2 protein chains.
Amino acid sequence: MSTYLITGISGFVGKHLVSCILQKDKNACIYGVGKRACCDLGTHYFRMDLKNQEQVSRLLKKVRPDFIIHLASMSSVQESWNNPQECFDVNANVIINVLTAVKDNNLSSRILTVGSSEVYGNYPEHEMPLKETYPLNPISPYAVTKLFQENICKVYADSFGLDIVMTRSFNHFGAGQDDKFFIPSLVKQLLEIKNGDKKTLLVGNIDIKRDFINVNDVAEIYYKLLYDGKKGEVYNVCSGKPVLLREIVTHCCSILNINPEIIVDRQRVRPNDIYVIYGDNSKVKSVTGWQQKYFLESSLKDIILGNE
Amino acid sequence: MSTYLITGISGFVGKHLVSCILQKDKNACIYGVGKRACCDLGTHYFRMDLKNQEQVSRLLKKVRPDFIIHLASMSSVQESWNNPQECFDVNANVIINVLTAVKDNNLSSRILTVGSSEVYGNYPEHEMPLKETYPLNPISPYAVTKLFQENICKVYADSFGLDIVMTRSFNHFGAGQDDKFFIPSLVKQLLEIKNGDKKTLLVGNIDIKRDFINVNDVAEIYYKLLYDGKKGEVYNVCSGKPVLLREIVTHCCSILNINPEIIVDRQRVRPNDIYVIYGDNSKVKSVTGWQQKYFLESSLKDIILGNE
């Protein structure tokens, strides 16, 4: 029986990861840590402030997990612009506590830390897709903390011998995502428009291309990396294809058969936004054998029908 | 009259920097912050824990310095291996507090943050000298925090408009350096041997080449960068020349006219040590017009005579 401990289990990816693990490992024993009061995923749940080193250490010493999946993080770049200090406080200090607890308790847990494609920073279109070997140039507080996470994990893997695998995850989407993100915000607004509760669609900059991967594919990759990822290595988690945000809008409108006026909300336009970002997923494919199962167009239909 | 605020003023570089400022700017008003109980540099001194956000903010709001020179840091790579968590706690959180205080109080202070050549990581000999444009691969907890510092500063300069100049400083040496570092430890031991109090010289790996710059040159560069450095830019601070540590040993022995047995102390050998590291200082020279004044051989003689 394998024991899994998931930090930030009550976030968006958590529940999809739990389903994925339970489906693939019938004997899995899953522990979850989060800041919400409770968690209805049927796992052993600990409410905890991961910024508290002592609590983290005590928990890990008690659970001694075979696998730790570190999802806990401030999840939004936008939020990090509004509150950079909180972002550093959460993202940088929490990973330190997790690594310190594993090291100081001499645990042999395999750790998967979820990072972000944001660490790449601005690359021109002709250098896409982004490869794991590229130099990194974080341009937001969020990205700086995610690079910090990666760099500490690398040091702890290479020099302290911790068994850590890292990801650089690109844009996720899927059922249950917070509507501060593009696709859920879009779907929510379009459904309101369809129902007559709203007239216009508010968007940020939709003339940019991003790499969207369904959260179910993400969860499968994370699971596979727990078993097949190489210690100290970092893997892009992405679809490998860029999609124009405006095309997603058009596609969703056509599913709902509506044609609303589109208004650009300056509040939603990020500083430093670049035209196109997509990743190279050949490394993660080659090490895990993963193949994409959920494609954008059909997934959008499922999300819209699920929300209607 | 210009106001200077120096964090970590009671450390090794602090006093040299104060002398340099007072020599170049007769009307300078210097404030110092440090963790020691007092500071005898004739400056306005505040004893403070820079990890306390509120205290840092209150001080900066009160002083409203024209210049902030951020020296405060855990200064040794070796120490960071022994206590990585303390290193993150000091190096990462303190810079956040300083930047947050400047940003939130809308100060227009020019900030010089002192970073480290350690951010480069392992480069092969044929890629020396290290240039500011190289990709960075930190391989110690210390280096990870110094890269974090650089990256946050870049974000705060580029996106929040803070007026920040950064350095990547190479090995310093000079009067008053803590004897956990190579040259002062060497000089101290050789003087003990000369005096008959000790028989053998304990060293780490001395068959490596490093780039040593006299702390008086360092102080002059920092001063010049306050005025001439470009916002958001990073500068190597180094001599530009590699020196074999064994040659420094030989040189010091010949000054003292002794020839002790040399014993390698495994405790002093660092993990991941690489053969040769030196930097390219053309960027800092071209922007500040700085020229090296203190050369290694004559400086060593001064240090030894000063300690005798």
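Up top you'll find the structure we're talking about.
Residues numbered from 1 in each chain as written. Chains lettered and ligands numbered in written order. Predicted model: local features only at pLDDT ≥ 70, side-chain atom pairs only at ≥ 80, totals over all residues. Heavy atoms only, no water.

Student: In this structure, what is going on with the relation of the copies chain A and chain B? I would like to understand it.
Tutor: What relates the pair of chain copies is a rotation about an axis plus a shift along that axis. The transform that puts chain A on chain B rotates by 180° and translates by 0.0 Å along the axis, for an RMSD of 0.0 Å. Such values leave the two copies arranged in the relation of a two-fold axis. (Least-squares fit on C-alpha atoms with pLDDT ≥ 70 in both.)

Student: Please clarify how the interface of chain A and chain B should be interpreted in this entry.
Tutor: By a widely used convention, the size of an interface equals the accessible area lost when the partners come together. The interface of chain A with chain B comprises 26 residues on the first partner and 26 residues on the second. When the two sides are added together, the surface that chain A and chain B hide from each other amounts to roughly 2,000 Å², 72% of it contributed by carbon and sulfur. When residues of chain A are sorted by the area they lose upon contact with chain B, A:Gln85, A:Phe88 and A:Phe148 head the list and together hold 24% of the total. At the junction of chain A and chain B, the tally comes to zero salt bridges. Counting the contacts that link chain A with chain B gives four residue pairs in polar contact (both at pLDDT 80 or more). Elements with a minimum of two residues in the side of chain A that touches chain B: helix 4 (84-104) and helix 5 (141-158) of chain A. A class-by-class count of the residues in the side of chain A that touches chain B yields 16 nonpolar, 10 polar and no charged. (Contact = heavy atoms within 4.5 Å. Buried area = accessible area lost by both parts, 1.4 Å probe. Salt bridge = Lys/Arg side-chain N within 4 Å of Asp/Glu carboxyl O. Polar contact = N/O pair within 3.5 Å; in protein donor to acceptor, adjacent residues only side chain to side chain. Helix = DSSP H or I, 4+ residues; strand = E, 2+ residues; numbered from the N terminus. Nonpolar A, V, L, I, M, F, W, Y, C, P; charged D, E, K, R; others polar.)

Student: It is not clear to me how the environment of A:Asp89 should be interpreted in this structure. Could you clarify?
Tutor: Residues and elements named next belong to chain A. With respect to the secondary-structure elements, aspartate 89 resides in helix 4. For the pair aspartate 89 and threonine 145, spaced 56 residues apart in sequence, the C-alpha separation works out to 9.2 Å. Those residues in contact with aspartate 89 that sit more than four places away from it in its chain are Lys51 and Val94.

Student: Mind showing me how you'd approach the pattern of salt bridges here?
Tutor: Pairing is possible between side chains of opposite charge, provided their charged atoms come close. Residues and elements named next belong to chain A. In the structure shown here, the tally under the stated rule is 26 salt bridges over all chains. Lysine 51 is the salt-bridge partner of aspartate 89, the closest N and O atoms lying 3.3 Å from each other. Taken together, the positions of aspartate 89 in helix 4 and lysine 51 in the loop between strand 3 (44-47) and helix 2 (53-63) put the pair 38 residues apart, joining distant regions of the chain. Because the salt bridges share partners, they merge into one network encompassing Lys24, Glu220, Lys224 and Lys293.

Student: It is not clear to me how the sheet that holds strand 1 (residues 3-7) of chain A should be interpreted in this structure. Could you clarify?
Tutor: Either a parallel or an antiparallel arrangement is found when strands of a sheet pair, and the pairing is made through backbone hydrogen bonds. Residue and element names in this part refer to chain A. One open sheet accounts for seven strands, arranged 3-2-1-4-5-6-11; its pairing is parallel. Two strands close off the open sheet at either side, each with one partner strand: strand 3 and strand 11 (234-237). The sheet shows a mean angle of 20° between the axes of neighbouring strands, taken without regard to direction. Bridge count for strand 1 against strand 2 (residues 29-34) is five bridges, and the pairing is parallel. Note that in strand 2 the partner of leucine 5 across the bridge is tyrosine 31. (Pairing = 2+ DSSP bridges. Axes fitted to C-alpha atoms, helices over the stretch in contact; angles between N-to-C directions.)

Student: Would you take a moment to explain the environment of B:Phe148 for this structure?
Tutor: Mapped onto the elements, B:Phe148 comes out in helix 5 (residues 141-158). Using a relative accessible area of 2% as the deciding quantity, one classes B:Phe148 as buried. In this structure, the C-alpha to C-alpha distance between B:Phe148 and B:Phe67, residues 81 residues apart in sequence, is 22 Å. Those residues in contact with B:Phe148, other than ones at most four positions away along the chain, are A:Phe88, A:Ala92, A:Val144, A:Thr145, A:Phe148, B:Ala92 and B:Ile96. (Buried < 20%, exposed > 50% of the residue type's maximum accessible area, 1.4 Å probe, protein only.)

Student: Before we go on, may I ask you to explain the sheet that holds strand 6 (residues 163-169) of chain B in this structure?
Tutor: Residue and element names in this part refer to chain B. Spatially, seven strands are ordered 3-2-1-4-5-6-11 in an open sheet, and the strand pairing comes out parallel. Strand pairing shows two members of the sheet lacking a second neighbour, strand 3 (44-47) and strand 11 (234-237), which therefore form its edges. Pairs of neighbouring strands in the sheet enclose a mean axial angle of 20°, with direction left out of account. Lying on the sheet, helix 1 (residues 12-24) is in contact with strand 1 (3-7), strand 2 (29-34) and strand 4 (67-70); it crosses strand 1 at an angle near 170°. Along the sheet, helix 7 (residues 215-228) contacts strand 1, strand 4, strand 5 (110-116), strand 6 and strand 11; its crossing angle with strand 5, the most-contacted strand, is approximately 140°.

Student: Just to check I follow, could you spell out unusual backbone geometry for this structure?
Tutor: Note: most residues except glycine have negative phi, and most peptide bonds are trans. All names here are of chain A. Between methionine 128 and the following residue, proline 129, the backbone shows a cis peptide bond with an omega angle of 0°. With respect to the helices and strands, proline 129 occurs in the loop between strand 5 (110-116) and helix 5. One non-glycine residue with positive phi stands out, namely asparagine 257, at about 55°. Within the secondary structure layout, asparagine 257 lies in the loop between helix 8 (245-256) and strand 13 (261-264). Taking the relative accessible area as the measure of exposure, asparagine 257 reaches 67% and is therefore exposed.

Student: Teacher, can you tell me more about the state of the cysteines here?
Tutor: Two cysteines form a disulfide when their sulfur atoms are joined by a covalent bond. In total, this model carries zero disulfides over all chains according to the counting rule given. Of the cysteine sulfurs around A:Cys238, a residue in no disulfide, the closest is that of A:Cys20, at 18 Å. (Disulfide = S-S within 2.5 Å.)

Student: Whenever I open this one, the packing of aromatic side chains confuses me. Can you help?
Tutor: Aromatic ring pairs: the centre-centre distance and the angle between the two ring planes describe each pair. Following the criterion strictly, the structure yields 24 aromatic pairs over all chains and no others. Here the aromatic rings of A:Tyr123 and A:Tyr134 are separated by 4.9 Å at their centres, their planes lie at 35°, and the arrangement is tilted. Placement of A:Tyr123 in the loop between strand 5 and helix 5 and of A:Tyr134 in the loop between strand 5 and helix 5 is noted, with a sequence separation of 11 residues between them. With respect to class, A:Tyr123 is no different from A:Tyr134; both count as buried. Ring centres 5.2 Å apart and planes at 45° place the aromatic pair B:Tyr223 and B:Tyr227 in the tilted group. (Phe/Tyr/Trp six-rings, centres within 6.5 Å; stacked < 30°, edge-to-face > 60°.)

Student: Would you mind going over the side chain of A:Ser117 with me for this structure?
Tutor: Assignment of secondary structure puts A:Ser117 in the loop between strand 5 and helix 5. Ignoring anything within four residues of it in the chain, the contact list for A:Ser117 reads A:Arg168, A:Ser169 and A:Phe170.

Student: Sorry, what's going on with the packing of helix 2 (residues 53-63) of chain B against helix 4 (residues 84-104) of chain B here?
Tutor: Each packed pair of helices is defined by two parameters, the angle between the axes and the distance between the axes. Residue and element names in this part refer to chain B. Remark: helix 2 packs on helix 4, axes separated minimally by 9 Å, with the N-to-C direction vectors making an angle of 45°. Taken as axis vectors, helix 2 and helix 4 run oblique relative to one another. In this structure, the crossing between helix 2 and helix 4 has a hand that is right-handed. The residues of helix 4 that touch helix 2, namely those facing Gln53, Val56, Ser57 and Leu60, are Ile96, Asn97, Val98, Thr100, Ala101 and Val102. Looking at the contact of helix 2 with helix 4, its residues break down into six nonpolar, four polar and no charged. (Parallel < 35°, antiparallel > 145°, perpendicular 65-115°, else oblique. Left-handed = near helix turned anticlockwise from the far one by under 90°.)

Student: Help me understand the pairing of strand 2 of chain B in this model?
Tutor: Working note: regular strand, side chains alternate between the two faces of the sheet. Residues and elements named next belong to chain B. Strand 2 sits mainly inside the fold: six of its six residues count as buried. Residue alternation in strand 2 divides its side chains into two sets, Cys29, Tyr31 and Val33 and Ile30, Gly32 and Gly34, and both sets are buried. Regarding topology, helix 1 serves as the crossover connection from strand 1 to the parallel strand 2, and that connection is right-handed. In terms of strand pairing, strand 2 meets strand 3 through four bridges, oriented parallel. In the strand pairing of strand 3, tyrosine 31 is matched with histidine 44. (Right-handed = clockwise from strand over helix to strand, strands pointing away.)

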